[in-house]
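Overview (structure and organization)
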There are 4 protein chains.
Amino acid sequence: GKSLMANSKYEYVKAFEREQHELAGTWLVVRLDGRGFHRFTTQHDFVHPNDIRGLNLMNACARACMEEFKDICLAYGESDEYSFVLSPDTKFFDRRTSKILSVVVSFFTSNYVHLWPQHIVDDQNQPVRLQYPPQFDARVVCYPSLQHLRDYLSWRQADCHINNLYNTTFWALVHSGKTEAEAERVLRGTFSKDKNEILFSQFGINYNNLPAIFRRGSIFIHHSVAEKLVKVGVTSKTDPTPVERVVVRKRHQIDLLHTDLIGDAFWGEHVDVFPVER
Amino acid sequence: GKSLMANSKYEYVKAFEREQHELAGTWLVVRLDGRGFHRFTTQHDFVHPNDIRGLNLMNACARACMEEFKDICLAYGESDEYSFVLSPDTKFFDRRTSKILSVVVSFFTSNYVHLWPQHIVDDQNQPVRLQYPPQFDARVVCYPSLQHLRDYLSWRQADCHINNLYNTTFWALVHSGKTEAEAERVLRGTFSKDKNEILFSQFGINYNNLPAIFRRGSIFIHHSVAEKLVKVGVTSKTDPTPVERVVVRKRHQIDLLHTDLIGDAFWGEHVDVFPVER
Amino acid sequence: GKSLMANSKYEYVKAFEREQHELAGTWLVVRLDGRGFHRFTTQHDFVHPNDIRGLNLMNACARACMEEFKDICLAYGESDEYSFVLSPDTKFFDRRTSKILSVVVSFFTSNYVHLWPQHIVDDQNQPVRLQYPPQFDARVVCYPSLQHLRDYLSWRQADCHINNLYNTTFWALVHSGKTEAEAERVLRGTFSKDKNEILFSQFGINYNNLPAIFRRGSIFIHHSVAEKLVKVGVTSKTDPTPVERVVVRKRHQIDLLHTDLIGDAFWGEHVDVFPVER
Amino acid sequence: GKSLMANSKYEYVKAFEREQHELAGTWLVVRLDGRGFHRFTTQHDFVHPNDIRGLNLMNACARACMEEFKDICLAYGESDEYSFVLSPDTKFFDRRTSKILSVVVSFFTSNYVHLWPQHIVDDQNQPVRLQYPPQFDARVVCYPSLQHLRDYLSWRQADCHINNLYNTTFWALVHSGKTEAEAERVLRGTFSKDKNEILFSQFGINYNNLPAIFRRGSIFIHHSVAEKLVKVGVTSKTDPTPVERVVVRKRHQIDLLHTDLIGDAFWGEHVDVFPVER
């Protein structure tokens, strides 16, 4: 009685809660970034320039998000950032900004801590202790056309390449005995071809032979696989002869790729997910 | 060279990222809620109607947020939800909605998984295995005046009370042998005084004697404590006689309360944090 | 001195002014509607079902807007509403919602009152006195793709047709002696073909022969005309013989059309203004 | 039939129309500004530094807005700008930004053109021809507390004073024979007291004696007047002696003031409209 009345007396404050919806008919991207990951990776002795355990952990979290939130049609990750793409006709949380934003970043973070011990292990394969909980920030952005989305993803993949080329050269110099300040000075004002040259001539590294996950980042995409199963059975009650029958079943899986997103090839292959617009 | 140019070619997509700022001069509340926590708490055998381990875990996460994000001046939690209050003059992330929202919910979730083994333990004090990662959603809401903020918090505390009274009675009935459907039928249409009566007459429970954390939820608030220290030293180079000196030092701490937020008393005590407006 | 300081003391309130920008890369439509135009047109004795003077006045205002705001690439009007279309790459007022909205509706209204005496004249061609100032409301809407924009315009043109067919039949019934209530009853639940039938059998009106401005509304679109001019002059200082020279000059004009917007023909003709998207 | 179906096929585009609401519980200000009024006033030979006809026209439009939109509780105008204030509990158009913005600026503009001939007259009291239609831009801003609103209005009134002092001195110099460039040079870097001194010593003008409408701008506010009426009648059927009765009737009017808004006096007098917040 009284408390219920008390409550209804305060319920007017609901009017202050305003839902914002992302514009219909646009591609949505949720991009999240590790906060303070320079310190975080240092404290946990991540390997430079790329810690494959860290990338695998990020990828495991992204895969978990794609399994949990079926509306995500593509994910692209590099370093400590991940972009999740939702299609223009998604009705995910009725396109409400706060819901989409909070739930994706929360579940990603949750997985990061949960899956940490499986991925961040030492030489003896023992989990490295997580010293403090990490945090990610996130945003939601609308892209009106597929071209805009492609340009967005190209921007991120070009960024991955530029950073990786820089970091690879920088850490090669540092591991060879230079201080970080010296390495920085060497690289100041250099172009891509200069860095490739340093890597090759000084360290015998052919940049293009480095693992694609480092150079191009990681892409998750849904994939329907037609599986052929051979079933054995009888065809009639009177004839007991076993007969083999081929059954085609569609099985859903999530593929991890490290391919180029900038050119047309990828988009040609996945035209079912990313139809050319009218 | 080439890749940098490639990148700058795509950078125009930054124009699609629009920052939204919360209105200056208003109280901000970030409220987060457990998603699918009915299933989550069932799967992990949380105790009904209140699992003190679960509440303590929520509180530990809230305390961590207050320590990490100094702009949070008050936090209020009940069940699987928490509200974080920022003052009207906060410059937290320049009041950008996405940053505030994502970082708070991410860090809270991160702590929830990280601190789980410390809090969710079994009878032998052994950690209960976390079967799958939890997720929280969140929103940011502006309240123009202190009165609106107080009414918001009153709404949440009244909600805590109403739910707790219901749940306490419901589970008392169930634990006494009723099915959940029967218990629901008994409580349908009852008022507070009816539930109090059922608790007292059938189960000997005086509702008001139940722990305040269940009835009123949890409040975190910053607290400056003036600490008196007695320092012993000499006052001059020539006189070696030790002299005692009282030094007052301000020490910051975060207090956990389970008091009433609806009446004026709380606000009178904390008028430094919540000044009456002009 | 003092007053300047006084002013700077208050300037902090500028922080409350937040600019909202319409999403880049989308078609923008400013749609405005007459408010209370039922009463307004009644008071000024507008003719039913269509007052050509009123439509001409609306069109004159729309033309003025297109001449003033070059970013408007198409305008569509029917009854007391007008839609102004801006292209996805418009930088009109940096795409700021308030500016776009206020300036278009203000200038349209301004013209409506200013041009009233030229258009709203009586049988003796004398201006009808404007009894009170009219008002329009307006909104800005984003459409991500050309298809969305076309569907929007199709929606408005279909609306024009539906209303006009209804109103034409309704007023034919009323002018033939029925009361408004009786006419409404006759039309309740009828389909298009029924109304066409009533018009034809009872009033000898072939709906399709009615003026296109009534049936399809009005479209303004920019048009570049290549004008051939014959210039006469001399070709050299020594030879005084006059020579004719044909000069092609582009002249800009704004065309008024009453054609179909729903089919593909219109869009095929204006593919320069409305390019098919990648 | 067909056309209706056609229409419903396109109706999905309504989903692109998103309503934005101004935050509940805040003061709303609609501020509008003349666009290109430097040229506009020059073309129409407005008097410098202040054209009383122009100010009266602005005020007539503001009064019309207050009469039309009862939710406006105060209006403040100076030069070619006007601010309309709506109270924190206004439900005007359900606080929808587009509606509030468009309707106020549209109706104001409409009045400006409509009332022009009454106000902008020449020496022979003949209307000056309006050469082209004016336009206003507008914005809506929220202010969380009365103090913020007061500071906003103080900002505008201080702005009025600063501009007027500058313009009065500037035009006194120009009218005395200086070029505009010379006058500008004289005033560069001067303080209020310097301008007051120039006005007094060179032109015998005591700034404080100038009309308040120039120095402080114009304020419209609602006012309830208690009117006493003496009614004469009989008190019973049997006694025909006429008796006088005093009847008090509340009459609403809109007052135009040119008083100070910065100090407390105004707000003390109008505490019914602008209550001190809890």
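Now for a quick tour of the structure. Counting from 1, residues in each chain are numbered in the order their sequence is written. Just so you know, chain letters begin at A and ligand numbers begin at 1, following the order they were written in. In keeping with the predicted nature of the model, local features appear solely for residues at pLDDT of at least 70, side-chain atom pairs appear and are counted solely at 80 or more, and the whole-chain, interface and lining totals rest on all residues. The basis for every side-chain value is the complete set of non-hydrogen atoms in the structure, without hydrogens or water.

Structural notes on the environment of Tyr 143 of chain C
The line we're drawing: Counting from the N terminus, the helices are the DSSP runs of H or I reaching at least four residues and the strands are the DSSP runs of E reaching at least two. Residues count as neighbours in contact if any of their non-hydrogen atoms are within 4.5 Å of one another.
In this structure, Tyr 143 of chain C sits in strand β4 (residues 136–143). Spatially, the C-alpha atom of Tyr 143 of chain C lies 9.2 Å from that of Gly 25 of chain C, the residues being 118 residues apart in sequence. Those residues in contact with Tyr 143 of chain C that lie beyond four places of it in its chain are Thr 26, Trp 27, Val 29, His 148, Leu 149 and Tyr 152 of chain C together with Val 13, Phe 16 and Glu 17 of chain D.

Quick word on the pattern of salt bridges
Any two side chains of opposite charge can pair, on the condition that their charged atoms come close. As a reminder, the rule being used: The term salt bridge refers to a side-chain nitrogen of Lys or Arg lying within 4 Å of a carboxyl oxygen of Asp or Glu. Think of it in three bands: with a 1.4 Å probe and only protein chains considered, a residue is buried below 20% of the maximum accessible area for its type, exposed above 50%, and partly exposed in between.
What the rule picks out here adds up to 60 salt bridges over all chains. Arg 53 of chain A is the partner of Asp 51 of chain A in a salt bridge, and the nearest nitrogen-oxygen pair spans 2.7 Å. Note on accessibility: Asp 51 of chain A and Arg 53 of chain A belong to one class, buried. Put simply, Glu 227 of chain B and Arg 251 of chain B hold a salt bridge, and the shortest N to O gap is 2.6 Å. Placement of the pair is Glu 227 of chain B in strand β5 (residues 218–233) and Arg 251 of chain B in strand β6 (residues 243–257), with a sequence separation of 24 residues. The class of Arg 251 of chain B is partly exposed, set by a relative accessible area of 33%.

Brief notes about the interface of chain B and chain A
Rule in force here: The term buried area means the drop in 1.4 Å probe accessible area that two parts suffer when joined, counted for both and summed.
At the interface, 58 residues of chain B touch 58 residues of chain A. Of the roughly 4900 Å² buried where chain B meets chain A, counting both sides, 59% is carbon and sulfur surface. On inspection of chain B and its partner chain A, the count reaches eight salt bridges. Where Lys 99 of chain A meets Asp 137 of chain B, a salt bridge forms, and the shortest distance between an N and an O atom there is 2.6 Å.

Thoughts on the packing of helix α3 (residues 52–68) of chain A against helix α4 (residues 97–119) of chain A
All names here are of chain A. Heads up, the condition is: Axis angles are defined between N-to-C directions and span 0 to 180 degrees, where every axis is a line fitted to C-alpha atoms and, for a helix, only to the segment in contact. Working definition: roughly parallel below 35 degrees, roughly antiparallel above 145 degrees, roughly perpendicular at 65 to 115 degrees, and oblique for all remaining angles. Take the far helix as your reference; a near helix turned counterclockwise from it by less than a right angle gives a left-handed crossing, and one turned clockwise gives a right-handed crossing.
As a packed pair, α3 and α4 sit with axes 8 Å apart at the nearest point and diverge in direction by 135 degrees. In this view, α3 runs oblique relative to α4, as classed from their interaxial angle. Considering only the axes of α3 and α4, their crossing is right-handed. Residues Arg 53, Asn 56, Leu 57, Met 58, Ala 60, Cys 61, Ala 62, Ala 64, Cys 65 and Glu 68 of α3 touch α4, and the partners they reach there are Val 104, Phe 107, Phe 108, Asn 111, Tyr 112, Leu 115, Trp 116 and His 119.

Quick word on a nonpolar patch on the surface
All names here are of chain A. For clarity, the threshold we go by: A patch is a set of surface residues, each over 30% in relative accessible area and not in a salt bridge, joined within 9 Å for like charges and within 5 Å for the nonpolar side chains Val, Leu, Ile, Met, Phe, Trp and Tyr. Using a 1.4 Å probe, the Shrake-Rupley method yields the accessible areas, and only the shown protein chains count as cover for residues.
Taken together, the side chains of Val 230, Val 232, Val 246 and Val 248 make up a nonpolar region of the molecular surface, amounting to roughly 380 Å² of accessible area. Among the elements of the structure, β5 (218–233) and β6 (243–257) are those that each provide at least two residues to the nonpolar patch. With respect to the helices and strands, the residue Val 248 is situated in strand β6.

Here we look at the packing of helix α5 (residues 146–175) of chain B against helix α6 (residues 180–187) of chain B
All names here are of chain B. Our working definition: Put simply, Ala, Val, Leu, Ile, Met, Phe, Trp, Tyr, Cys and Pro go in the nonpolar bin, Asp, Glu, Lys and Arg in the charged bin, and everything else, Gly too, in the polar bin.
Their axes nearest at 9 Å, the elements α5 and α6 cross at an angle of 130 degrees. Accordingly, the angle class assigned to the pair α5 and α6 is oblique. As α5 packs across α6, the resulting crossing turns out to be right-handed. Contacts between α5 and α6 pair Tyr 166, Thr 169, Phe 170, Trp 171, Leu 173 and Val 174 from the former with Glu 180, Ala 183, Glu 184, Val 186 and Leu 187 from the latter. Classifying every residue of the contact of α5 with α6 by side-chain character gives eight nonpolar, one polar and two charged.

Geometric values such as these leave the question of function open.
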